[in-house]
Amino acid sequence: QVQLVDSGGDSVQPGGSLTLSCAASVSLLSLHLVGWYRQAPGEQRRMVVTTTRAGDTNLANFAKGRFAISEDNAKNMFYLQMNGLQFEDSADYYCYARWWDSGSRSWNDYWGQGTRVTVSS
């Protein structure tokens, strides 16, 4: 089992910056993939960024040039740095991890509880 706790959501003005944090209960090195998704009211959850243990990073078009994912393996934490925030970036943000369960030989997906980002003037 993997537990993820995300935090850092806040209300910011357009053009502002914010960093979200996700604490994992296991070593990040044991996770196949980590990332961030977001969900605005009335919309489906959408991928923001994912990165694999092999170093392949996939960034949504709306996030390119503004958002970045980073990891601190010593703390078992990963982050979403967001710059140039816009009104349409307002959403609940969820950290995500995929882990290989060697016991059941299956991929398991885990989610944080969500942290709210509001961009308003």
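Before reading further, recall that the structure is shown in the block above.
Because the structure is a prediction, the values reported are computed rather than measured.

Participant: Which parts of the structure should I look at to understand the side chain of Asp 89?
Facilitator: Within the secondary structure, Asp 89 is located in the loop between strand 8 (77-82) and strand 9 (91-101). Beyond its immediate chain neighbours, meaning those up to four positions away, Asp 89 contacts Arg 38, Arg 66, Phe 67, Gly 84, Val 117 and Val 119.

Participant: Which parts of the structure should I look at to understand the pairing of strand 5 (residues 46-52)?
Facilitator: Two faces belong to every sheet, and in a regular strand the side chains alternate between them. A large share of strand 5 lies buried, amounting to five of its seven residues. Looking at chain direction, strand 4 (residues 31-39) and strand 5 are connected through six bridges and run antiparallel. The residue bridging Val 34 from the neighbouring strand is Thr 51, located in strand 5. Between strand 4 and strand 5, which follow one another and run antiparallel, lie six residues, and Gly 42 among them has a positive phi close to 80°. Where strand 5 lies against strand 6 (residues 57-59), three bridges are found, and the strand directions are antiparallel. Looking across to strand 6, one finds that Thr 51 is bridged to Thr 57.

Participant: Would you mind going over the nonpolar core with me for this structure?
Facilitator: Note that soluble globular proteins tend to have their nonpolar side chains buried in a common cluster. With 30 residues, the main nonpolar core has Leu 4, Leu 31, Trp 36, Phe 78, Leu 80, Met 82 and Tyr 93 as its most contacted residues. Secondary structure elements with two or more residues in this core: strand 3 (18-24), strand 4, strand 5, strand 7 (67-72), strand 8, strand 9 and strand 11 (115-119). Tallying contributions element by element places strand 9 first for this core, with five residues.

Participant: Got a minute to help me understand the side chain of Ser 21 in this structure?
Facilitator: Among the secondary structure elements, Ser 21 is positioned in strand 3. Assessed through its relative accessible area of 16%, Ser 21 is described here as buried. Here Ser 21 is in contact with Val 5, Asp 6, Ser 7, Trp 36, Met 77, Phe 78 and Tyr 79, once residues within four sequence places are set aside.

Participant: Hey, could you run me through the packing of aromatic side chains in this one?
Facilitator: Note on aromatic pairs: each is described by the distance of the centres and the angle between the planes. Per the stated rule, a full pass over the model turns up six aromatic pairs. Judged by centre distance (5.8 Å) and plane angle (65°), the rings of Trp 36 and Phe 78 are edge-to-face. On the criterion of sequence distance, the pair formed by Trp 36 in strand 4 and Phe 78 in strand 8 is long-range, its members being 42 residues apart. Here Trp 36 matches Phe 78 in class, with each residue buried. Consider the rings of Tyr 37 and Tyr 96, whose centres lie 5.4 Å apart with planes at 70°: the pair is edge-to-face. Of the two residues, Tyr 37 is situated in strand 4 and Tyr 96 in strand 9; the sequence distance between them amounts to 59 residues. Of the aromatic side chains, those joined through ring pairs into one cluster are Tyr 37, Tyr 96 and Trp 111. If you follow Arg 38 out to its NZ or CZ, it ends over the ring of Phe 62, 3.8 Å from the centre.

Participant: Quick question: what am I supposed to make of the pattern of salt bridges here?
Facilitator: If charged atoms from side chains of opposite charge come close, those side chains can pair. Within the structure shown, the criterion is met by five salt bridges. Between Arg 66 and Asp 89 there is a salt bridge, with the nearest N and O atoms lying 2.7 Å from each other. Of the two residues, Arg 66 sits in the loop between strand 6 and strand 7 while Asp 89 sits in the loop between strand 8 and strand 9, which places them 23 residues apart along the sequence. Neither Arg 66 nor Asp 89 differs from the other in exposure class; each is buried. Via salt bridges that share partners, Arg 38, Arg 66 and Asp 89 belong to a single interconnected network.

What counts, and where the lines are drawn
Along each chain, residue indices are assigned from 1 in the same order as the chain's sequence is written. Whole-chain, interface and lining totals are the exception, using all residues; otherwise, since this is a predicted model, local features are given only for residues with pLDDT of at least 70 and side-chain atom pairs are given and counted only at 80 or more. Values reported for side chains reflect all heavy atoms of the structure, with hydrogen atoms and water molecules removed beforehand. Strands here mean DSSP runs of E at least two residues long; helices mean DSSP runs of H or I at least four residues long; both are numbered from the N terminus. Pairs of residues are marked as contacts when any of their non-hydrogen atoms sit within 4.5 Å. Burial classes: relative accessible area under 20% of the type maximum marks a residue as buried, over 50% as exposed, and values in between as partly exposed (1.4 Å probe, protein chains only). A strand pair is defined by DSSP finding two or more bridges across the two strands. Nonpolar cores are built from buried Ala, Val, Leu, Ile, Met, Phe, Trp, Tyr and Cys residues. Side-chain atoms within 4.5 Å join them into one set. Aromatic contacts are taken between Phe, Tyr and Trp rings whose centres are within 6.5 Å, Trp giving its six-membered ring; a plane angle under 30 degrees counts as stacked, one over 60 as edge-to-face, and the others as tilted. Charge-over-ring contacts are defined here by two conditions on Lys NZ or Arg CZ: a distance within 6 Å of the ring centre and an angle within 35 degrees of the ring normal. Any carboxyl oxygen of Asp or Glu that lies within 4 Å of a side-chain nitrogen of Lys or Arg is treated as forming a salt bridge with it.

Limitation: the analysis is restricted to geometry and does not speak to function.
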